[in-house]
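Descriptive structure summary
If you want the building blocks of each chain, they are given just below.
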Amino acid sequence: MTDTRRWFWLGGVVLVCLFVWLLHSILTPFLVALLLAYMGDPLADRLEKLKMSRTMSVVTVFLLFTLIFMGLLLVLVPMLAKQLYRLYELAPQILDWLQHTAMPWTQAKLGLADGFWKFDKVKAAISEHMGQTGDIVGIVLSQATTSTLALIGWLTNLVLIPVVCFYLLRDYDVMTAKVRSLLPRHREKKIVALADECHEVLGAFIRGQLLVMVALGVIYAAGLMLVGLELGLLIGVIAGLAAIVPYMGFVIGIGSAILAGFFQFGGDLYPMLGIVAVFMVGQALEGMVLTPLLVGDRIGLHPVAVIFAILAGGELFGFTGILLALPVAAVIMVLVRHVHDLYKDSDIYGGLDDPDL
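Computed from a predicted model, the values in this text were never measured in an experiment.

**Notes on a nonpolar patch on the surface**
- Taken together, Phe69, Met70, Leu73, Leu74, Val75, Val77, Met79 and Met225 make up a surface patch of nonpolar side chains, about 720 Å² in accessible area.
- Among the elements that line the nonpolar patch, the one with the most residues is helix H2 (residues 54-110), at 7 residues.
- Among the secondary structure elements, Leu74 is positioned in helix H2.

**What to know about helix H8 (residues 232-242)**
- Along H8, 8 of the 11 residues are buried, which leaves the element largely enclosed by surrounding structure.
- If you check which residues of H8 are buried, you get Gly232, Leu233, Leu234, Ile235, Gly236, Ala239, Gly240 and Ala242.

**Focus on the UniProt feature "transmembrane region" (unreviewed entry) in the protein chain**
- Following the UniProt record, one finds the feature "transmembrane region" (unreviewed entry) at residues 6-37, 58-81, 149-169, 210-229, 235-262, 269-285 and 305-336.
- Within the segment residues 269-285, helix and strand shares are 100% and 0% respectively, and the terminal C-alpha atoms sit 24 Å apart.
- Across residues 305-336, helical content stands at 100% and strand content at 0%; the span's end C-alpha atoms are separated by 13 Å.

**Observations concerning the pattern of salt bridges**
- Inspection of every chain in the model, using the stated rule, returns 7 salt bridges.
- Note that Arg54 and Glu48 form a salt bridge whose closest N and O atoms lie 2.9 Å from each other.
- Note on Glu48: relative accessible area 29%, which makes it partly exposed.
- With a shortest N-O distance of 3.5 Å, Asp173 and Arg54 are connected by a salt bridge. A residue pair is termed long-range when its members are at least 10 positions apart, and Asp173 in helix H6 (residues 172-181) and Arg54 in helix H2 qualify at 119 residues.
- Asp173 sits in the partly exposed class, given a relative accessible area of 32%.
- Here Arg54 falls in the buried class, since its relative accessible area comes to 14%.
- Linked through salt bridges whose partners overlap, the residues forming this network are Asp41, Asp45, Glu48, Arg54 and Asp173.

**Considerations on the environment of Phe166**
- Its place among the elements puts Phe166 in helix H5 (residues 148-170).
- Taking the C-alpha atoms as reference, Phe166 lies 7.9 Å from Val59; in sequence the two are 107 residues apart.

**A look at the nonpolar core**
- By size, the foremost hydrophobic cluster in this structure holds 35 residues, and its most contacted members are Tyr220, Leu224, Leu229, Ile235, Ala257, Ile275 and Phe279.
- Looking at this core, the elements that each hand over two or more residues are helix H7 (188-227), H8, helix H9 (248-265), helix H10 (269-295) and helix H11 (303-344).
- In terms of residue count, the dominant contributor to this core is H7 (11 residues).
- Each residue touching Ile235, except ones within four places of it in the same chain, is listed here: Leu224, Leu229, Gly253, Ser256, Ala257, Ala260 and Phe279.
- By size, the runner-up hydrophobic cluster in this structure holds 11 residues, among which are Ala33, Leu47, Val164 and Cys165.

Parameters at a glance
Residues numbered from 1 in each chain as written. Predicted model: local features only at pLDDT ≥ 70, side-chain atom pairs only at ≥ 80, totals over all residues. Heavy atoms only, no water. Patch = residues over 30% accessible without salt bridge, like charges linked within 9 Å, V, L, I, M, F, W, Y side chains within 5 Å. Areas by Shrake-Rupley, 256 points an atom, 1.4 Å probe, with all protein chains shown as cover. Salt bridge = Lys/Arg side-chain N within 4 Å of Asp/Glu carboxyl O. Helix = DSSP H or I, 4+ residues; strand = E, 2+ residues; numbered from the N terminus. Buried < 20%, exposed > 50% of the residue type's maximum accessible area, 1.4 Å probe, protein only. UniProt positions renumbered as here; feature names shortened; annotations may be inferred. Core = buried A, V, L, I, M, F, W, Y, C linked by side-chain atoms within 4.5 Å. Contact = heavy atoms within 4.5 Å.

Below is the structure:
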């Protein structure tokens, strides 16, 4: 590659980063719509193979997404709101236990100085605002309407997502074909091969791992609710979301569930064993059924890479950066893999025949 080409590609990368940085505040609805279109395209393609037109296939997928969203909005959100309210009520009790039981035990075991924790102010703040939790919607609306422009922008983004998603999903194959036609002819096969690898990694993670997250969330929530845990739905949803990184959902979920069960059941053996059994069954299903079935043996992103990518993207570009983090990480992973292969095949790694060098 000549110096001119190197500077051309470097300038292109800089321009893309500058574009994202300058426009990240308006890119969110487009990126969300692109993510939904990316997830829905395989289903639309399958419907096309069943002799449906592309438009009808997209309409069917679009209606499916709409029904799922409306179901979550009408059923899951009110239930979660009730459990969040219950958690808010339990917060002072949890703080009392930390202050009078957990922390004194920790102090005695570690030899810490008296008064190294201060929970009185936190408890007072929670108690002061306890009565405001019943009007969560009113609080959100009051904050949103403090700025008319902010409210208009929020509503515009909300409307833009389904509109942009529909058009992207309908023209997904056409756009990818046009992009491919613009590739340099002598590099097309190589670039397409790299793109296919990125698609495999990203698809394995997004379409596979996200489905695993949903399945685990359902398993954990249903199991904890059957055990009788008041916060079972909330903890199950949080554990499912945390499962974006393998084993993190299990650790966060079982820890919070045991803590909630301790306050609700008073340490009774059978409910606590039921909580542990729910997470053990979930882990067993994830390892033996969910991951092999939904993700398969495709190489996904390493858990550390996922954590770093999400944190770095959020730090650099906010929520837009979080949405871009995984695609960029997938591309970087594929490129690093190829650079690694080139290095292993190079004279630098294997050594030169000349003994003087």
